[in-house]
Amino acid sequence: MRENLILLMPECELIKDSVLREKTIVVWEDAVREGSWTLEDLKEMPFTLLLEQTSINLIDHTRAVTLCSLHIAEVMEEVYDGRIPINKDYLLSGSILHDVGKLFEYTREGKKFVKSRSGNLLRHPISGAAFASKHDMPEEILHIIAAHSREGDGARRTVEAVIVNHADFVNFESLKI
Ligand SMILES: [Fe+2]
């Protein structure tokens with residue numbers, strides 16, 4: 001599955017630290033297995049259940065959020081000339097994993113994706129951070145996952161978490177118009 005996951009999400013290869021890159025891929029792999037999904041399911045899985053209908057799947061959404069995050073970071077680094085330090089490996093890993101909890105938040109009823117029992121108890125930022133924690137991901141990445149949505153509002157986010165939060169909402173709010 002590993003190679004096919006990388007083919008689906010080539011942005012994994014942008015993580016420079018080989019240990020972090022490998023762990024990021026393993027978290028996705030294990031989440032697919034633990035949620036009893038297949039890679040084909042991922043291509044059909046809507047990135048949100050909050051919109052009546054969307055043709056954007058979870059993989060495309062994750063890739064868009066990851067690339068938006070990276071571009072924001074690159075612009076900030078270039079224009080602010082390093083005055084706002086950004087850890088791009090944390091940013092990439094955190095954005096690739098920000099919605100991995102959706103593999104536990106959803107279940108399938110026939111062709112339809114619906115909220116699972118687990119999803120009603122724990123939203124994906126919580127289940128995703130908890131799952132990544134089992135894989136010894138750095139706390140900076142658990143923070144990005146846990147704080148990427150409204151769970152992080154009102155709390156102090158790291159710069160990487162601020163970027164992923166906004167990149168995620170750009171890729172959600174724009175689709176409601
Ligand atoms: Fe998202």
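Everything that follows concerns the structure shown earlier in this document.
For clarity, every value in this text was computed on a predicted model and none was experimentally measured. (Residues numbered from 1 in each chain as written. Predicted model: local features only at pLDDT ≥ 70, side-chain atom pairs only at ≥ 80, totals over all residues.)

Draft legend 1. Up close: the overall build of the chain. Along the chain, the regular secondary structure elements total ten helices and two strands. Of the regular secondary structure in the chain, the N- to C-terminal order runs α-α-α-α-α-α-β-β-α-α-α-α. Over its C-alpha atoms the chain spans a radius of gyration of 15 Å, differing by no more than 12% from the 16 Å that the globule rule assigns to 177 residues. Buried positions account for 34% of the 177 residues belonging to the chain. Sequence separation of at least 24 residues holds for 59% of the intrachain contacts in the chain that already meet a minimum separation of 6. (Helix = DSSP H or I, 4+ residues; strand = E, 2+ residues; numbered from the N terminus. Rg over C-alpha atoms; globule rule 2.2 N^0.38 Å. Buried ≥ 20, exposed ≤ 12 C-beta atoms within 10 Å, placed from the backbone. Contact = placed C-beta atoms within 7 Å.)

Draft legend 2. Expanded view of the environment of aspartate 99. Of note, aspartate 99 is situated in the loop between α5 (88–97) and α6 (102–105). Among all residues touching aspartate 99, those that are not within four sequence positions of it are Leu58, His61, Thr62, His124 and Gly128.

Draft legend 3. View of the pairing of strand β1 (residues 106–109). With four bridges joining them, β1 and strand β2 (residues 112–115) adopt antiparallel strand pairing. Residue pairing across strands places threonine 107 opposite valine 114, the latter belonging to β2. (Pairing = 2+ DSSP bridges.)

Draft legend 4. Inspection of α5 at higher detail. Counting buried residues in α5 gives eight out of ten residues, a clear majority hidden from the surface. Residues Tyr90, Leu91, Leu92, Ser93, Gly94, Ser95, Ile96 and Leu97 constitute the buried set of α5. Those residues of α5 hidden inside the fold are in contact with α2 (18–34), α4 (58–80), α8 (124–134), α9 (139–147) and α10 (159–173).

Draft legend 5. How the structure looks around the packing of α5 against α9. Remark: α5 packs on α9, axes separated minimally by 9 Å, with the N-to-C direction vectors making an angle of 40°. It follows from the interaxial angle that α5 and α9 lie oblique. Crossing of α5 against α9: the hand is right-handed. For the pair formed by α5 and α9, the contact residues are Tyr90, Ser93, Gly94 and Leu97 on the first element and Glu140, Ile141, Ile144 and Ile145 on the second. (Axes fitted to C-alpha atoms, helices over the stretch in contact; angles between N-to-C directions. Parallel < 35°, antiparallel > 145°, perpendicular 65-115°, else oblique. Left-handed = near helix turned anticlockwise from the far one by under 90°.)

Draft legend 6. Fine view of α8. Those residues of α8 that fall on the buried side of the exposure criterion are His124, Pro125, Ser127, Gly128, Ala129, Phe131 and Ala132. At its buried positions, α8 is contacted by α2, α5, α6, α7 (117–121) and α9. Note on α8: the residue one or two positions beyond its end, aspartate 136, has a positive phi of about 60°.

Draft legend 7. Up close: the packing of α5 against α10. Their axes nearest at 9 Å, the elements α5 and α10 cross at an angle of 40°. Viewed along their axes, α5 and α10 adopt a mutual orientation that is oblique. Crossing of α5 over α10 shows right-handed handedness. Between α5 and α10, the contacting residues are Tyr90, Leu91, Gly94 and Ser95 on the first element and Glu160, Ile163, Val164 and Ala167 on the second.

Draft legend 8. Structural detail: the nonpolar core. The biggest cluster of nonpolar side chains holds 30 residues, and the ones touching the most others in it are Val27 and Ala132. Among the elements of the structure, α2, α4, α5, α6, α8, α9 and α10 are those that each provide at least two residues to this core. Apart from residues no more than four positions distant in its own chain, alanine 132 is found in contact with Val27, Leu97, Met137, Ile141, Leu142 and Ile145. (Core = buried A, V, L, I, M, F, W, Y, C linked by C-beta atoms within 7 Å.)

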